[in-house]
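Structural overview
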Amino acid sequence: MKFIVNYRNFIPIREGLESSGYTVYENLWNPTDEQLQDCDGYLLDMYDAMKRPWDTLRLKSRLRQRRIPLIGWNRDAPWNKGAKRRRLWWFRKLRVLDIYMAHSLQGAAAFTSAAHYLPNAAWVARYNLAGRTLDELRDSQRYRYDVSFVGTLDAQKYPEFTERAKFFAELERRLTGFGVSMWFRHGKNMPLKDQIELIQRSRINLNFGAACDDGPEKSWGLPERCYGVPACGGFLLSETREHAARDFDIGKEWVDFSSMEDCVGKVRHYLANFPEVRAIAEQAHRRVLREHTYEHRARTMVAAAREWKARAQSRAAPAD
């Protein structure tokens, strides 16, 4: 079994496909006939495809001849701020993709009449309990911080995160008055082991904002940390996200806030109810390992590709 992944060296999905028994070829714009033989699908980075229209259309023609679906996975939906408008226009107009998958289904109809929800996930080869146990994380004395966040906070360099930077500055001001210990830092180059240590030493890990929110309205999709934090055993308190109910049991595996006042109130509530925090964190951890790893995403992609191929073969079969 073969799959081609031309997706900017995104290791998690390659590992996920390999775990399903696939031989994965990467970054091929002109695959050989041998590489295309018995190939179940071709995952293409949409941004690269938009920049190379003729290469993309030639590739699509070759794949169509062999009934291999061209798949796009949009992890920047719905606004795709990195794509120039004219490139996005032709890509949508020509309906280049055979299968469109996205972490947010906003605007999906512009790409295809049949979109698939494919959210982000936990890269468990990196984000995991790291030798700790859930029992250890029930010890309230092991925690160093009440609340933490690590992520892009440099609004000057990354203007798409301006609202996030403002939010955490104001939240820090408000929580300081309640004696809450906090760690809010720009952590672009933070070592992995330090990230996991911070998650596991914080009673509450926050999520607010994402680059794909930089548009007329907030993206419905969940950032990777919404899966990575629970994978490490951490408790996540997130802003509201439309698609959260697709992936978690609200109130039992997922807790969110709708405003600054709600966030402050939830922080104070959960700091005063540590057993409840750990019960939710453990249920979220189990849900992530059960359904939300990149191995699961790879299997979903494979199933969609095989369904597409079966339909294509059925249409091509001669009538009796």
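First, a word on scope: everything that follows refers to the structure included in this document. (Residues numbered from 1 in each chain as written. Predicted model: local features only at pLDDT ≥ 70, side-chain atom pairs only at ≥ 80, totals over all residues. Heavy atoms only, no water.)

Overview of the overall build of the protein chain
Helix and strand counts for the protein chain come out as twelve helices and eleven strands. The C-alpha atoms of the protein chain give a radius of gyration of 21 Å, which matches the 20 Å a tight globule of 320 residues would have. A principal-axis box enclosing the C-alpha atoms of the protein chain has dimensions of 75 × 40 × 35 Å. Pairs at least 24 residues apart make up 72% of the contacts formed inside the protein chain by residues separated by at least 6 positions. (Helix = DSSP H or I, 4+ residues; strand = E, 2+ residues; numbered from the N terminus. Rg over C-alpha atoms; globule rule 2.2 N^0.38 Å. Contact = heavy atoms within 4.5 Å.)

Observations regarding helix α5 (residues 85–93)
Within the span of α5, buried status applies to Leu88, Trp90 and Phe91. All buried residues of α5 project into a common sector of 165° when viewed along the axis, lining one side. Across from the buried face of α5, at angles greater than 90 degrees, the exposed residues are Arg85, Arg86, Trp89 and Lys93. Buried residues in α5 make contact with α3 (46–51) and α4 (53–65). (Buried < 20%, exposed > 50% of the residue type's maximum accessible area, 1.4 Å probe, protein only. Arc of directions from axis to C-beta.)

Considering the environment of glycine 72
Among the secondary structure elements, glycine 72 is positioned in strand β4 (residues 70–74). You can call glycine 72 buried: its relative accessible area is 0%. C-alpha of glycine 72 to C-alpha of arginine 315: the two residues are 243 residues apart in sequence and 23 Å apart in space. Discounting residues that sit within four places of it in the chain, glycine 72 has contacts with Leu43, Leu44, Met46, Leu97, Ile99, Tyr100 and Met101.

A look at the packing of aromatic side chains
Scanning the model with the defined rule gives 18 aromatic pairs in all. Pairing tryptophan 90 with phenylalanine 91 gives two aromatic rings, centres 5.8 Å apart and planes at 80°, and the pair type is edge-to-face. Ring geometry for phenylalanine 167 against phenylalanine 168: centres 5.2 Å apart, planes inclined by 90°, an arrangement best described as edge-to-face. The pair formed by phenylalanine 167 and phenylalanine 168 is uniform in burial state, with each residue classed as buried. By the ring-pair criterion, three or more aromatic residues cluster together here, those being Phe149, Phe167, Phe168, Phe184, Phe208 and Phe257. Across from the ring centre of tryptophan 73, 5.6 Å away, lies the NZ or CZ of arginine 75, which sits over that ring. Lying across the ring of tyrosine 117, arginine 246 places its NZ or CZ 4.8 Å from the centre. (Phe/Tyr/Trp six-rings, centres within 6.5 Å; stacked < 30°, edge-to-face > 60°. Lys NZ or Arg CZ within 6 Å of the ring centre and 35° of its normal.)

Some remarks on the pattern of salt bridges
For the coordinates displayed, the defined rule picks out 33 salt bridges. Aspartate 48 is the partner of arginine 8 in a salt bridge, and the nearest nitrogen-oxygen pair spans 2.9 Å. On the criterion of sequence distance, the pair formed by arginine 8 in the loop between β1 (2–6) and α1 (11–19) and aspartate 48 in helix α3 is long-range, its members being 40 residues apart. On the basis of relative accessibility, which here comes to 45%, the residue arginine 8 falls in the partly exposed class. Counted as one network, the salt bridges with shared partners bring together Asp135, Arg138, Glu282 and Arg286. (Salt bridge = Lys/Arg side-chain N within 4 Å of Asp/Glu carboxyl O.)

In short, the description is geometric, and any link to function would need to be established separately.
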